[in-house]
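Chain and residue survey
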Amino acid sequence: MNGNFSKLKQKSTPFVVNVLCINIFFVAAFFHAAAQDKSWEDPKLNTAKNANYMQQDEKDMIYEINRLRSDPPRYAKMFVAIQLKNAIEVYKVEGKGDSSFSITTSYRDSSIVSVDTNWHFSNEEEANALQTLYDTLMHLKPLPILLPDEGIYKACIKHAKNRAPTGTFDHIDTDGTWPWDRIKKYSPAMKDGNENLALNGDAPVRIIVLQLLNDSGIPGYGHRYNLLNANWTYVACYATRKPLMNSKWWIQNFGTKK
């Protein structure tokens, strides 16, 4: 299950939380994408290399995000195109696919104001999501490279420890705080922030990034546009591990300084 939300600029307007209810699986195209382009090495993009407070896979996640942001068209051609081709072939052979849904919960001042169910067909939605992703990346100019931030990393850990006893993840802590609240608390130099969450933590980091970019079934593609937000300049990635949690979740937190 994926969680996703879009933070609106004015806190008087509703916040939106979307939860995608599908079984997540990886087709061969995803693993093919993960194995490609061993030559895309650029030390300038490996900004978390010396962030000793992070685990190696967390540093690798930031490196992968910076590959994406440094050259979106290249990323589209190397890793998204094959997924799009596969999705179109599946759609042609199998048709629209099974009916599925996502749930959108809207908040105003921390209170739920509406819960909406959005229905779609799985194969059709997958092809549409990948087509819009490919088109977006092909027309996107380079984005700022993200630098690691230890305070934002601590915000990730705080959230993980808060949610661990529940065995589930949500963007809202049990104390009612949102990602930008935690990010600004633990990294006071930040003026704003946001968050992505992803399951399938044992998959390669490129697969996790592609999963979030795809965002099939999520109205508004909120995970995707967090990764592609030109306002972000800082980032931290954290993966839950045993004994904290049995399942491995990824937390990506983004920030921008005052």
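My aim in this report is to walk through the structure given alongside it, one point at a time. It should be emphasised that the depicted structure is a prediction, and the values quoted were computed from it without experimental measurement.

A look at the overall build of the protein chain
- Across its full length, the protein chain holds eight helices and eight strands.
- Expressed as a percentage of its 258 residues, the buried residues of the protein chain come to 50%.
- Partitioning the contacts of the protein chain with sequence separation of at least 6, the portion at a separation of at least 24 is 70%.
- Accessible area of the protein chain: about 11,900 Å², with a carbon and sulfur share of 53%.

Some words on the sheet that holds strand 6 (residues 190-198)
- Across the sheet, which stays open at both edges, the four strands sit in the order 5-7-8-6 with mixed pairing between neighbours. On the outer flanks of this sheet lie strand 5 (147-148) and strand 6, each paired with one strand and no other.
- Relative to strand 7 (residues 234-239), strand 5 is paired through two bridges, and the arrangement is parallel. Within the sheet, the bridge partner assigned to L147 lies in strand 7 and is Y234.

A short note on helix 7 (residues 205-214)
- Among the ten residues that make up helix 7, ten are buried, leaving the element largely enclosed by the rest of the structure.
- Regarding helix 7, the residues found buried are V205, R206, I207, I208, V209, L210, Q211, L212, L213 and N214.
- Backbone geometry just downstream of helix 7 places D215 in the positive-phi region, at approximately 55°.

Concerning unusual backbone geometry
- In this model, K242 is joined to P243 through a cis peptide bond whose omega is 5°.
- Take P243: it is sitting in the loop between strand 7 and strand 8 (250-257).
- With phi around 55°, D215 is a residue other than glycine that occupies positive phi space.
- Locating D215 in the fold gives a position in the loop between helix 7 and helix 8 (222-227).
- For D215, a relative accessible area of 2% corresponds to the buried category.

A word on the pattern of salt bridges
- Within the structure shown, the criterion is met by eleven salt bridges.
- In this structure, E64 engages R206 in a salt bridge whose closest nitrogen and oxygen atoms are separated by 2.7 Å. Placement of E64 in helix 2 (residues 56-70) and of R206 in helix 7 is noted, with a sequence separation of 142 residues between them. Taken individually, E64 and R206 each receive the classification buried, so the pair is uniform in this respect.
- Close ionic contact of K158 with D173 constitutes a salt bridge, the shortest N to O distance being 2.4 Å. Pair noted here: K158 is in helix 5 (residues 150-163) and D173 is in the loop between helix 5 and helix 6 (179-186), with a separation of 15 residues, a long-range link. One exposure class covers both K158 and D173, and it is buried.
- Through salt bridges with shared partners, one network takes in K158, D173, D175, R182 and E195.

Focus on the nonpolar core
- If you look at the biggest cluster of nonpolar residues, it comprises 55 residues, and the most contacted ones within it are M61, L68, Y75, V209, L213, L227 and W250.
- Contributing elements (two or more residues each) for this core: helix 2, helix 3 (72-94), helix 4 (122-138), helix 5, strand 6, helix 7, strand 7 and strand 8.
- Counting residues per element, this core draws most heavily on helix 7, at seven residues.
- Excluding residues within four positions of it along the chain, M61 makes contact with V205, I208, V209, C237, W250 and Q252.

The rules behind the values
- Counting of residues starts from 1 at the beginning of each chain's written sequence and follows it residue by residue.
- For this predicted model, a pLDDT threshold of at least 70 governs which residues receive local features, and a threshold of 80 or more governs which side-chain atom pairs are given and counted, while totals over whole chains, interfaces and linings are taken from all residues.
- Excluding hydrogens and water, the side-chain values take into account all heavy atoms of the structure.
- We count a stretch as a helix when DSSP gives it H or I for four or more residues in a row; a strand needs E for two or more, and each element gets its number in order from the N terminus.
- Think of it in three bands: residues with accessible area under 20% of the maximum for their type are buried, residues over 50% are exposed, and the middle band is partly exposed, with areas taken using a 1.4 Å probe on protein chains only.
- What makes two residues a contact is simply this: any of their non-hydrogen atoms within 4.5 Å.
- All accessible-area figures derive from a Shrake-Rupley calculation using a 1.4 Å probe, and residue coverage is judged against the displayed protein chains alone.
- Here, a strand pair is defined by DSSP locating no fewer than two bridges between the strands.
- For salt bridges, the criterion is a side-chain nitrogen of Lys or Arg within 4 Å of an Asp or Glu carboxyl oxygen.
- To define a nonpolar core, start from buried Ala, Val, Leu, Ile, Met, Phe, Trp, Tyr and Cys residues and group those joined through side-chain atoms within 4.5 Å.

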